[in-house]
Amino acid sequence: MARTITLLLLLLVLVACKSTKFRVPTKKVDQRFTMDVFKNHFSGFILVDPQTKDTIYEHNSEKYFTPASNTKIVTLYTALKILPDKIPALTYMVKGDTLFVEGTGDPSLLHPYFQDSTAIHFLRDHAHIKLNPHNFQEEVFGPGWAWDDYQYKYSAERSALPLYGNVVTLFQNDSLEVLPQYFKSKVVRENHPFQRDRDTNLFYMDPQRKDTLQVPFKTNASLTQKLLEHALHKKVFLTDQIPPGKKETLYGLPADSLYKRMMHKSDNFLAEQLLLLASSALTDTLNGKKVRDYVMDQFLNDIKQPPRWVDGSGLSRYNLFTPQSLLHVLHNIYSDISKERLFMLFPEWHAQDIAALGNTKKHVRIYAKSGSLSNNYCLSGYLLTRSNKLLIFSFMNNHFTTSTDVIKREIETVLILIGNTY
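Treat the numbers as computed from the prediction; the structure is a model and nothing was measured.

With respect to the sheet that holds strand 7 (residues 176–179)
Piece 1. The three strands lie next to each other as 7-6-10, forming an open sheet whose pairing is antiparallel. Because the sheet does not close on itself, it has two edges, and the strands there are strand 7 and strand 10 (213–216). Adjacent strand axes in the sheet meet at a mean angle of 20 degrees when their direction is disregarded.
Piece 2. Of the strand pairs in this sheet, strand 6 (residues 167–172) and strand 7 are connected by four bridges, and their pairing is antiparallel. By the bridge assignment, Thr169 is partnered in strand 7 with Leu179.

Re unusual backbone geometry
Piece 1. The omega angle of the peptide bond from Leu179 to Pro180 is 0 degrees, so this bond is cis rather than trans.
Piece 2. With respect to the helices, strands and loops of the structure, Pro180 is situated in the loop between strand 7 and strand 8 (187–188).
Piece 3. Phi angles above zero are rare outside glycine, and Ser266 is one such case at about 50 degrees.
Piece 4. Along the polypeptide, Ser266 turns up in the loop between helix 7 (255–265) and helix 8 (268–282).

Let's talk about the confidence of the model for the protein
Piece 1. The share of residues in the protein with pLDDT of 70 or more is 92%, and the mean pLDDT across the chain is 92.
Piece 2. Of the regions scoring below 50 in pLDDT, residues 11–21 engages in two contacts with residues more than four places distant in sequence or in other chains.

Topic: empty space enclosed by the protein
Piece 1. Within this structure, the stated rule accounts for one cavity of 30 Å³ or more.
Piece 2. Put simply, the largest cavity is a space of about 50 Å³.
Piece 3. If you trace the largest cavity, you find it lined by Ser159, Leu161, Leu163, Asn166, Phe217, Thr219, Asn220, Leu223, Thr224 and Leu227.
Piece 4. Classifying every residue of the lining of the largest cavity gives five nonpolar, five polar and no charged.

Digging into the nonpolar core
Piece 1. Ranked by internal contacts, the top residues of the largest apolar core, which has 51 residues, are Leu76, Tyr259, Leu274, Ile333, Leu342, Phe346 and Tyr382.
Piece 2. For this core, the element with the highest residue contribution is helix 8, accounting for seven residues.
Piece 3. When neighbours within four sequence positions are excluded, Leu274 is seen to be in contact with Thr75, Leu83, Ile87, Leu258, Tyr259 and Met262.
Piece 4. Among the nonpolar cores identified, the runner-up in size contains 34 residues, and Leu161, Tyr164, Val187 and Leu232 belong to it.

Focus: the pairing of strand 5 (residues 128–131)
Piece 1. Residues Ile129 and Leu131 line the buried face of strand 5, whereas the alternating positions His128 and Lys130 sit on a face that is not buried.
Piece 2. Pairing analysis gives four bridges linking strand 4 (residues 98–103) to strand 5, with the strands arranged parallel. In the sheet register, Phe100 faces strand 5, and the bridge partner there is Lys130.
Piece 3. Between the parallel pair strand 4 and strand 5, the chain is carried across by helix 5 (residues 118–124), and the sense of this crossover is right-handed.
Piece 4. Note that strand 5 and strand 11 (residues 237–238) share two bridges and pair parallel. When the bridges of strand 11 are listed, Lys130 appears paired with Phe237.

Side note on the packing of aromatic side chains
Piece 1. For the structure on display, the rule yields 19 aromatic pairs.
Piece 2. Here the aromatic rings of Tyr77 and Phe299 are separated by 6.4 Å at their centres, their planes lie at 80 degrees, and the arrangement is edge-to-face. Here Phe299 lies in the loop between helix 9 (288–298) and helix 10 (323–336) and Tyr77 lies in helix 4 (residues 71–82), a separation of 222 residues in the sequence.
Piece 3. Following the ring pairs from residue to residue traces out a cluster consisting of Phe33, Phe38, Phe45, Tyr57 and Phe395.
Piece 4. It is Lys235 that lies over the ring of Phe237; its NZ or CZ is 5.9 Å from the centre.
Piece 5. A cation over a ring is seen here: Arg261 above Tyr113, with NZ or CZ 3.7 Å from the ring centre.

Rules used throughout
- Residues numbered from 1 in each chain as written.
- Predicted model: local features only at pLDDT ≥ 70, side-chain atom pairs only at ≥ 80, totals over all residues.
- Heavy atoms only, no water.
- Pairing = 2+ DSSP bridges.
- Helix = DSSP H or I, 4+ residues; strand = E, 2+ residues; numbered from the N terminus.
- Axes fitted to C-alpha atoms, helices over the stretch in contact; angles between N-to-C directions.
- pLDDT = per-residue confidence, 0-100.
- Contact = heavy atoms within 4.5 Å.
- 1 Å grid on protein atoms, 1.4 Å probe; cavity = no way out; pocket = protein on both sides within 12 Å on 5 of 7 lines; lining within 4 Å.
- Points joined across faces, edges and corners; volume = space filled by probe spheres on them.
- Nonpolar A, V, L, I, M, F, W, Y, C, P; charged D, E, K, R; others polar.
- Core = buried A, V, L, I, M, F, W, Y, C linked by side-chain atoms within 4.5 Å.
- Buried < 20%, exposed > 50% of the residue type's maximum accessible area, 1.4 Å probe, protein only.
- Right-handed = clockwise from strand over helix to strand, strands pointing away.
- Phe/Tyr/Trp six-rings, centres within 6.5 Å; stacked < 30°, edge-to-face > 60°.
- Lys NZ or Arg CZ within 6 Å of the ring centre and 35° of its normal.

Shown next as structure tokens:
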């Protein structure tokens, strides 16, 4: 009898230890949300254990928020579901001695960072080239983008065949350097209030400026033709259509190299072009709405709060997602790819210094995508706890008037608080 009682007591102790091992400091988290920093703006938070599917904590998780660059999480998911391991650089068809080509939206061709020249080498091998620019069925800017951002590199125009990242790169050595050189005669060296004319490709560079300047250029079919000719050192002709028949695909860079750059640098241009790439993989046209509708219908039709999703980058304030809907996408990504790939694609986050990440001495690690617009800051991704448990979260904040750094510190405080006890 005594032995039975002892065993029962031991069992109760073990059960108690197990139940407290992953105890969430709910009261302490509740207290954070009653602090002054959260009183005058709108916050939402959800944290889930993907293995048990238990919701560990939630606060306004069913409410809609402006996600800013958290939208790139859904763009990443779209690319992972639709695009192959290597990026489609061009589609083409050979008829007689003529090569007919169309852009796929691949943003890496002669890009200042990637500097991919796969398509250039391929095109140089053909004597006669005809480019069809009419598969692009989008506006160059997304809906709800700020009109006066046209001159900043984070707002480069979308196009079917981007070249040089659709930006002019300017820097000064002994003399002014311009990439692509085609624009050198269109650069005025003066201290001007704008970096480019709104309606023309006329650029301004302060002669005293020491750092590199990147300015989007206005795109059109004629300019793409001229830039291609300049890069190929041969004539390129425009055509209204490609002849009937099966088109072939030329593949370029590994897809993960674009995904990682988009997620780690929050690159709006890459995000927008990845949606167009996904569209080109589904249809003969490049149209972001078509691919967004396809993803919602085929892969996210069970989402509890359907989002308002209007672009790939999150530049638009028209986008609306709930923490629950972002968590749904994050869970799908977690289910589809390895943990190693997940932690490679998502940047490791720290409230103070994202450049100093990778510190293996930290007990809690956060792999997440941030998103910020004025008065908005969101963070969604994966929390690796002190006990090496992986959790999924979305923490969204809209309409605050305090410093963004204050919001970041509160997010970190809540996540570390949970991560140290779960």
